[in-house]
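# Analysis of the macromolecular model
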Amino acid sequence: MIRLSVIRSYFKYIRFAFLVGVAGLYSQGLQCQILFTEECFIGGITVSGAGNTGEGYGIQAAARWEPGQTIRRIYAVTHRFGHIAPHNMRVNGGEVHWSSDSQIGSETPLLNPWSSPFAVHIRDVTSAINIQDSLLIIDFPEQQFYDNAWNWGWWSIYLIILYESPEITTPVCFRLYAADQRQDMIQNYQFVKPNFALNTPLALSVFAARLTLFDADKSRITINNEILGDIKGMDLTIPVRIGTQGHFFYENEVCVGLNGDTANYRFINHDALALINDYLTGSSIQTLTMKRILPEPGMSSNLHPAFTLAYTPTCTPPTAEMPRSLTFCRSVAAEEERRLEAIPDYDNYQWTPGHLTSDSTLANPVCLADSSGWLRVRMWNDDESGVCSQTIPVFVTVGQVPRPSRLFTRSSPCPNPTGRIAFEGMRGTGPF
């Protein structure tokens, strides 16, 4: 006989697990994708970039830029196939460095061994890229070639540029989602319905890489089981580049397409930008599906590494800021040396991955990371009609303990400052 208390405990556990699962869905705004950042501020956003399947130099992509604008933040997104060496791309001459520590989420296997595994990488490149006009100049240097893994490499760059200007007086919100599931099968996503102002556009931009001009390589995008359209082909950069990205800018409640994209209610061919206002349901959770139209032949994949939402919010943007990076050495024991700092005065906090903090529900937990990489904190109030919810990424750089294999000293006779200490064979993470 099963005791009643056991049954009650079982159902209590099931209810707890269900609530935790729902809270996770809402706190991340995802199912099998990562809400990398959700930010609201008074200013604008422009999204641009270019695709590549090899080297290419001097590619011109349009972005929004007017006199008086100032950069708030720039994120770069790419994807990789395989276990490969670090690599640099360039935007306006600035180096965008890709390596294992820029990975967001897990890597996923693909059936095609020439392309497996797949992973999304993101960098904050605010200090690396200098923007002075409305053209981005993108370089894809030659990469290492891998025998028996022809597709291995770093492919494409998708840039999200946040800016401010005296001419912009209304707030904007954006969300950047990164894929965290296999790309050689249908990708089913969910996101929380944004609280956007009536009669203002809700823009969806998809970053789809390596799509060709052939109809057999089309991707179909649906919202809540309604077809938004099919995408394929070459972005209208100069010169045109393989792959499809939704390019646009959004400011003062207006959305305008760039590089051949249009801010209408459909996806078509290289135009991977659409206004999705009319596709939303009354539910708090919306569904987004991306899939290859023809059945997957088993060895191919249609890549959708990321997508962006941009809209005019009904909430009030926060005025406080928070550090977007933390650097510490593992040899430092003092907790204050590695304490994270979120925007104060929110009712709720959730750090992800939670196990890398002393308490994922605190605004200022101790960082327990033992290697460099991304953490994210979601901040929200119980009354969602007040200050806007935020999800802010923080890049943590963890320096390893430097241990020289050889140490040389040379004394100096007083009062001459000629003494010298020389370290050789340093192990660890520089600078030392």
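Since we're looking at a predicted model, the values are computed, not measured.

### Re the state of the cysteines
Under the criterion given, the structure shown has 2 disulfides. There is a disulfide in this structure between C40 and C173, and the S-S distance comes to 1.9 Å. Judged by the torsion about the S-S bond (105°), the C40/C173 disulfide is right-handed. On the criterion of sequence distance, the pair formed by C40 in strand β1 (residues 33-42) and C173 in strand β11 (residues 171-179) is long-range, its members being 133 residues apart. Comparing C40 with C173, the two get one shared label, buried. Here C315 pairs with C388 through a disulfide, and the sulfurs are 1.9 Å apart. On the S-S bond that ties C315 to C388, the torsion sits near 100°, and the link is right-handed. Placement of the pair is C315 in the loop between β24 (303-311) and β25 (325-329) and C388 in the loop between β27 (373-380) and β28 (390-399), with a sequence separation of 73 residues.

### Digging into the sheet that holds strand β12 (residues 187-192)
Strand pairing in a sheet is mediated by backbone hydrogen bonds. Such pairs are either parallel or antiparallel. Overall, mixed pairing links the 5 strands, which are arranged β12-β23-β14-β15-β21 in an open sheet. Strands at the two margins of the open sheet, each flanked by one partner only, are β12 and β21 (267-269). Averaged over all pairs of adjacent strands, the angle between strand axes in this sheet comes to 20°, irrespective of strand direction. Judged from the 6 bridges that link them, β12 and strand β23 (residues 285-292) form a sheet pairing that is antiparallel. Pairing of V192 across the sheet is with I285, part of β23.

### Some details on the packing of aromatic side chains
Aromatic ring pairs are reported here in terms of the distance separating the ring centres and the angle at which the planes meet. Within this structure, the stated rule accounts for 11 aromatic pairs. Ring centres 4.9 Å apart and planes at 10° place the aromatic pair Y158 and F207 in the stacked group. Taken together, the positions of Y158 in strand β10 (residues 153-164) and F207 in strand β13 (residues 203-209) put the pair 49 residues apart, joining distant regions of the chain. Assigned by exposure class, Y158 and F207 land together as buried. On the numbers, 4.7 Å between centres and 15° between planes, the contact of Y177 with F307 is stacked. Separated by 130 residues along the polypeptide, Y177 in strand β11 and F307 in strand β24 bring together distant segments of the chain. Residue classification places F307 among the buried residues on the basis of a relative accessible area of 2%. One aromatic cluster is present, formed by F36, Y75, W374 and F395 through successive ring pairs. Residue placement shows R64 over the ring face of F249; its charged tip is 4.5 Å from the ring centre. Sitting above the plane of the W155 ring, R210 keeps its charged end 5.0 Å from the centroid.

### Structural notes on the side chain of E38
Position of E38 among the secondary structure elements: in strand β1. Within the structure, the side chain of E38 is placed 3.2 Å from the side chain of R175, a separation counted as a polar contact. For E38, the residues in contact, after removing those within four places along its chain, are F174, R175, Y311, R378, S389, Q390, T391 and I392.

Conventions and cut-offs
- Residues numbered from 1 in each chain as written.
- Predicted model: local features only at pLDDT ≥ 70, side-chain atom pairs only at ≥ 80, totals over all residues.
- Heavy atoms only, no water.
- Disulfide = S-S within 2.5 Å.
- Helix = DSSP H or I, 4+ residues; strand = E, 2+ residues; numbered from the N terminus.
- Buried < 20%, exposed > 50% of the residue type's maximum accessible area, 1.4 Å probe, protein only.
- Pairing = 2+ DSSP bridges.
- Axes fitted to C-alpha atoms, helices over the stretch in contact; angles between N-to-C directions.
- Phe/Tyr/Trp six-rings, centres within 6.5 Å; stacked < 30°, edge-to-face > 60°.
- Lys NZ or Arg CZ within 6 Å of the ring centre and 35° of its normal.
- Polar contact = N/O pair within 3.5 Å; in protein donor to acceptor, adjacent residues only side chain to side chain.
- Contact = heavy atoms within 4.5 Å.

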